Amino acid sequence: MSQNYDAGMYDSVTIKHVGELDLIEIERPECSASLTLQGGQLISYAPRGEHPVLWRNPDVAYQKGEAVRQGVPICWPWFAFLERNADPVRNSFPIQEAPAHGVARNALWRLLSITEEETSTAIAFELNAEPLGLKAVVTYRLGAVMKMELESFNLSDQPKHLSCALHTYFAVSDIQQVSVLDLDDLPYIDSLRGWSLHKQDGPLHIAEEVDRIYYDTPAILRIHDKKWERFIVLESSESRSAVVWNPWIEKSKRLSQFSPDSYKHMLCVETGKLLNDYIELEPGQSYTLDLTLSSRR
Ligand SMILES: O=P(O)(O)OC[C@H]1O[C@H](O)[C@H](O)[C@@H](O)[C@@H]1O
């Protein structure tokens, strides 16, 4: 690893070079996981003895400067195309040709700390986005559950408004066997139907391309997987919006690092601060978005 770091200091941590990136691998009695400094990203996570919570993409490229389509890419400090964001977010970043999903996921973050705790390993990364007047720190706690916190800091002397998403690729047995619970009655924007507003009726079953932003989401969302007889539970005390995305057949053909059949084995539920649920930061202020993932019978 290019950064000053001695893997030998930690029982649960090893470093592996894959493609062009270094992966930090965690093996503990409670779980296995891997992370990379690029994107400050969690790449894999599986509680011991269980199906992985995060999808393992067989086509993933570990290339410098290219987002890794797996795990939890961090979309920050805006989600999707900047021009699709609320006015205060757009106005905070008066830049030409803003990259989709912000600047964090392709950038090299700095390792801040690794701490071995009694039942988890904690790892923190920092991204100094000085030109945007911002800094981000992400902290992961990897144990029988996965806890992460994404802190955004306003380093500038102007108020800043930002959006973000924890673009989580979940592993599913078979996309036709899963449903997303806890969305009933919620409003959502459907980006595949001209960004029109709709209302969810019952659990969400995926049987075609889906790309939606749900509002007013509760603190807990669940993905029910009938075949694997499990619920993945997403908990966030701060997020009130979430994207649900599956590219299905046609869009899969246009995606990088994605096999034609991969849509059957993944589902993105992206806990976030999106559209009008954006983050407001006064100069010097910070904000923490939290997410806990667990797998239950
Ligand atoms: O291909 P990417 O830039 O990684 O984006 C992948 C997907 O991210 C989100 O889920 C968006 O809602 C989708 O519209 C987009 O296709």
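Per an unreviewed UniProt entry, the recorded name for the chain is Putative glucose-6-phosphate 1-epimerase, and the organism is Hahella chejuensis. Quoted verbatim from the Sequence similarities (unreviewed entry) field of the UniProt record, the comment on the chain reads "Belongs to the glucose-6-phosphate 1-epimerase family." Listed in UniProt under the heading Catalytic activity (unreviewed entry), the comment for the chain reads: "alpha-D-glucose 6-phosphate = beta-D-glucose 6-phosphate".

### Examining the overall build of the chain
On a plain count of helices and strands, the chain comes out with two helices and 23 strands. Its C-alpha atoms give the chain a radius of gyration of 18 Å, near enough to 19 Å, the size a compact globule of 297 residues would have. Overall, the C-alpha framework of the chain stretches about 50 × 50 × 35 Å when taken along its three principal axes. When each of the 297 residues of the chain is scored for burial, the buried share is 57%.

### Structural notes on unusual backbone geometry
Note that the residue after W76, namely P77, is joined by a cis bond; omega there is 0 degrees. For P77, the position within the fold is in the loop between β5 (74-75) and α1 (87-92). Although it is not a glycine, E229 adopts a positive phi angle of roughly 50 degrees. Of note, the phi angle at W248 is positive, near 55 degrees, even though the residue is not glycine.

### Some thoughts on the site of the ligand
Near the ligand the following residues occur: R69, F79, H101, R105, H167, D211, V243, W245, K251, L255 and E270. Its residues assigned to classes, the shell around the ligand comprises four nonpolar, two polar and five charged.

### A short note on the UniProt feature "active site" (unreviewed entry) in the chain
With numbering aligned to this structure, UniProt lists the feature "active site" (unreviewed entry) at H167 and E270. Considering the C-alpha atoms alone, the annotated residues occupy 104 residues of sequence yet fold into one spot, their largest mutual distance being 4.5 Å. For H167, a relative accessible area of 6% gives the class buried. Setting aside anything within four residues of it in sequence, one finds H167 in contact with G71, V72, P73, C75, H101, W245, C268 and E270. Relative to the assigned elements, E270 resides in strand β21 (residues 266-273).

### Brief notes about the sheet that holds strand β6 (residues 110-116)
If you walk across this open sheet you meet the nine strands as β6-β7-β8-β9-β23-β19-β18-β13-β16, and the pairing is antiparallel. Single-partner strands in this sheet number two, and they are β6 and β16 (204-205). Bridge count for strand β9 (residues 146-154) against strand β23 (residues 286-296) is eight bridges, and the pairing is antiparallel. Pairing of L150 across the sheet is with L289, part of β23.

### Description of the packing of aromatic side chains
The geometry of an aromatic ring pair is captured by two quantities: the separation of the ring centres and the angle between the planes. One pass over the structure, following the stated rule, counts seven aromatic pairs. Taking 6.2 Å as the distance between ring centres and 70 degrees as the angle between the ring planes, the aromatic pair formed by F125 and Y140 counts as edge-to-face. On the criterion of sequence distance, the pair formed by F125 in strand β7 (residues 121-129) and Y140 in strand β8 (residues 134-142) is long-range, its members being 15 residues apart. Clustering of aromatic rings is evident, with ring pairs tying together W55, Y169, W245 and F258. Taking NZ or CZ as reference, K135 lies 4.6 Å from the ring centre of F153, over its face.

### Concerning the environment of R48
Within the fold, R48 resides in the loop between β4 (41-47) and β5. Taking the C-alpha atoms as reference points, R48 and R28, 20 residues apart in sequence, are found 8.3 Å from one another. If we ignore the near neighbours within four places in the chain, the residues touching R48 are E27, R28, P29, E30, C31 and S32.

### A closer look at the side chain of Q41
Within the element layout of this structure, Q41 appears in strand β4. On the basis of relative accessible area, Q41 is assigned to the buried category, the value being 1%. At a separation of 3.0 Å, a polar atom in the side chain of Q41 contacts the main-chain carbonyl oxygen of V68. Not counting residues up to four positions away in its chain, the partners in contact with Q41 are S34, L35, T36, V68, Q70, V72, P73, R105 and Y140.

### Some thoughts on the pattern of salt bridges
Considering all chains together, one arrives at 14 salt bridges under this definition. When the shortest N-O distance is used, the salt bridge between R28 and E30 registers 2.8 Å. Of the residues examined, R28 reaches a relative accessible area of 9% and is grouped as buried. Across the pair R222 and D182 runs a salt bridge, and its minimum N-O distance is 2.9 Å. Of the two residues, R222 is situated in strand β18 (residues 220-225) and D182 in the loop between β13 (178-181) and β14 (187-190); the sequence distance between them amounts to 40 residues. According to the relative accessible area criterion, D182 is partly exposed, its value standing at 26%.

How each quantity is defined
Residues numbered from 1 in each chain as written. Predicted model: local features only at pLDDT ≥ 70, side-chain atom pairs only at ≥ 80, totals over all residues. Heavy atoms only, no water. UniProt positions renumbered as here; feature names shortened; annotations may be inferred. Helix = DSSP H or I, 4+ residues; strand = E, 2+ residues; numbered from the N terminus. Rg over C-alpha atoms; globule rule 2.2 N^0.38 Å. Buried < 20%, exposed > 50% of the residue type's maximum accessible area, 1.4 Å probe, protein only. Near = heavy atom within 4 Å. Nonpolar A, V, L, I, M, F, W, Y, C, P; charged D, E, K, R; others polar. Contact = heavy atoms within 4.5 Å. Pairing = 2+ DSSP bridges. Phe/Tyr/Trp six-rings, centres within 6.5 Å; stacked < 30°, edge-to-face > 60°. Lys NZ or Arg CZ within 6 Å of the ring centre and 35° of its normal. Polar contact = N/O pair within 3.5 Å; in protein donor to acceptor, adjacent residues only side chain to side chain. Salt bridge = Lys/Arg side-chain N within 4 Å of Asp/Glu carboxyl O.

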